[in-house]
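Structural overview
One letter stands for each residue in the lines below.
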Amino acid sequence: MKIAIDIDGVLADMMPVLNNFYNKKFGTSFSVGDYKYHDLEKTWGGSKEDAVRIVEEFFQSPDFSEILPIANSPKSVLNLSKKHELFLVTSRPQNIKQRTLEFLQNYFPKEIKKVIHTGQYVSPASSINKFDVCVQEKADVLIEDCLEIAIDCANHGLKTFLLDSSLNQLNREYSEGEIPKNLLRVKSWPEIVERLK
Ligand SMILES: [Mg+2]
C-alpha cells in the first residue's frame, strides 16, 4: 500500500516545544493539555494572523530543533516501510523544508523517500489540501492527527487513521455522527502497525 503520513502530532511531537516557546516569549503558563483545538489562537487568544506569526517565528528559532519524535513512531515507521511505500504530507511551509529534513535524518533516516509541504498552515488560501495530495500520489491510507482534515479525507473515501493521543485534549469536540466510516481513531503507533498487518 501507499501510505501518506502527517508530520506534526504524528511523527514529530511539536506541541510541548511550541508551548514552551510561547510561554517563554509571553510569560504565560499554558500546558499541553490546555490545547483543545488545532487552531492555536483558540488557546492563546488574538487573531489567526497573530498565531501564524508566532508559529513562523518558532519555525526559525533554536527551540525548533528540540522537537522529538512521537512515542514509538521511529520503530513503527521502520516496520511499515518494509512492506509499504511511505510518504509525508505536511501543512508546514516550504521555507522549513531543510529543518524538516534534518529532523527526518535524525529519527527516520531511510524510511521516507518523499515529503510534500502544502503550506496550509501559514497561507490556507494559496495552498493545496491534503486530500488532493493523497489523490495525486495515489495514497491508499492517510495517518493524521487533525480531526477536521481526517474527516475531510475520510468523507472523500480515503481510509484514514486519526492518531489521537490520550496525552492531549485535541479532537474531543465532535459528535459520533460526524465520524465517517473510513475514519478510524487510534491511540498509538503500535495500534496502527497492528491494523495495517
Ligand atoms: Mg498534524
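This section reports on the structure supplied with the text. All figures in this text were calculated on a predicted structure; none of them were measured in a lab.

Each value, and the rule that gives it
- Residues numbered from 1 in each chain as written.
- Predicted model: local features only at pLDDT ≥ 70, side-chain atom pairs only at ≥ 80, totals over all residues.
- Heavy atoms only, no water.
- Disulfide = S-S within 2.5 Å.
- Buried < 20%, exposed > 50% of the residue type's maximum accessible area, 1.4 Å probe, protein only.
- Donors = N, O, S within 2.8 Å, 3.2 Å for Na, K, Ca; no water.
- Helix = DSSP H or I, 4+ residues; strand = E, 2+ residues; numbered from the N terminus.
- Arc of directions from axis to C-beta.
- Contact = heavy atoms within 4.5 Å.
- Phe/Tyr/Trp six-rings, centres within 6.5 Å; stacked < 30°, edge-to-face > 60°.
- Lys NZ or Arg CZ within 6 Å of the ring centre and 35° of its normal.
- Pairing = 2+ DSSP bridges.
- Right-handed = clockwise from strand over helix to strand, strands pointing away.
- Axes fitted to C-alpha atoms, helices over the stretch in contact; angles between N-to-C directions.

**Brief notes about the state of the cysteines**
- Counted under the stated rule, the structure contains 0 disulfides.
- The thiol of cysteine 134 is not disulfide-bonded; the next cysteine sulfur, from cysteine 153, is found 5.3 Å away.
- Owing to a relative accessible area of 2%, cysteine 134 belongs among the buried residues under this scheme.
- Residue classification places cysteine 153 among the buried positions, given a relative accessible area of 0%.

**A word on the coordination of the magnesium ion**
- Donor atoms from the polypeptide that coordinate the magnesium ion comprise Asp6 (OD), Asp8 (O) and Asp145 (OD), at 2.0 to 2.2 Å from the metal.
- Along the chain, the residues donating to the magnesium ion are arranged with the sequence spacing D-x1-D-x136-D. With aspartate 6 in the loop between strand 1 (2–5) and strand 2 (12–13) and aspartate 145 in the loop between strand 6 (141–144) and helix 7 (147–155), this pair connects stretches of sequence that are 139 residues apart. For the pair shown, aspartate 6 and aspartate 145 are each scored as buried.

**Some thoughts on helix 5 (residues 97–107)**
- Among the residues of helix 5, those classed as buried are Thr100, Phe103 and Leu104. Take helix 5 and look down its axis: the buried residues cluster within an arc of 95°, on one side only. Counted as exposed and oriented over 90 degrees from the buried face of helix 5: Gln98, Gln105 and Asn106.
- Contact partners of the buried residues in helix 5: strand 2, strand 3 (68–69), strand 4 (85–90) and strand 5 (115–117).

**Section: the packing of aromatic side chains**
- Counted according to the given criterion, the structure contains 11 aromatic pairs.
- Seen in terms of ring centroids, tyrosine 22 and phenylalanine 30 are 5.9 Å apart; in terms of plane orientation they differ by 55°. Their pairing is tilted.
- Relative accessible area serves as the criterion here: at 7%, tyrosine 22 is assigned to the buried category.
- Phenylalanine 30 sits in the partly exposed class, given a relative accessible area of 22%.
- Grouping aromatic residues by their ring pairs yields a cluster made of Tyr22, Phe26, Phe30, Tyr35 and Trp44.
- For lysine 42, the ring lying beneath its charged end belongs to tyrosine 37, and the centroid distance is 4.9 Å.

**Some remarks on the pairing of strand 4**
- Among the 6 residues of strand 4, 5 are classified as buried, and the element is accordingly described as predominantly covered.
- Alignment of strand 1 against strand 4, held across 4 bridges, turns out to be parallel. Along strand 4, the bridge assignment pairs lysine 2 with glutamate 85.
- Since strand 4 and strand 5 lie parallel, the crossover through helix 5 that links them has a hand, and here it is right-handed.

**Examining unusual backbone geometry**
- In the Ramachandran plot, asparagine 72 falls in the positive-phi region, its phi being about 65° despite a non-glycine side chain.
- Mapped onto the elements, asparagine 72 comes out in the loop between strand 3 and helix 4 (73–81).
- Phi angles above zero are rare outside glycine, and lysine 138 is one such case at about 55°.

**Comments concerning the sheet that holds strand 5**
- Taken in spatial order, the 6 strands make up an open sheet running 5-4-1-6-7-8, and their pairing is parallel. For this open sheet the edge positions go to strand 5 and strand 8 (183–186), each flanked by a neighbour on one side alone. Strand-to-strand twist across the sheet, computed as the mean angle between neighbouring axes with direction ignored, equals 20°.
- Contacts from helix 5 reach strand 4 and strand 5 within the one sheet, and its direction differs from that of strand 5 by about 145°.

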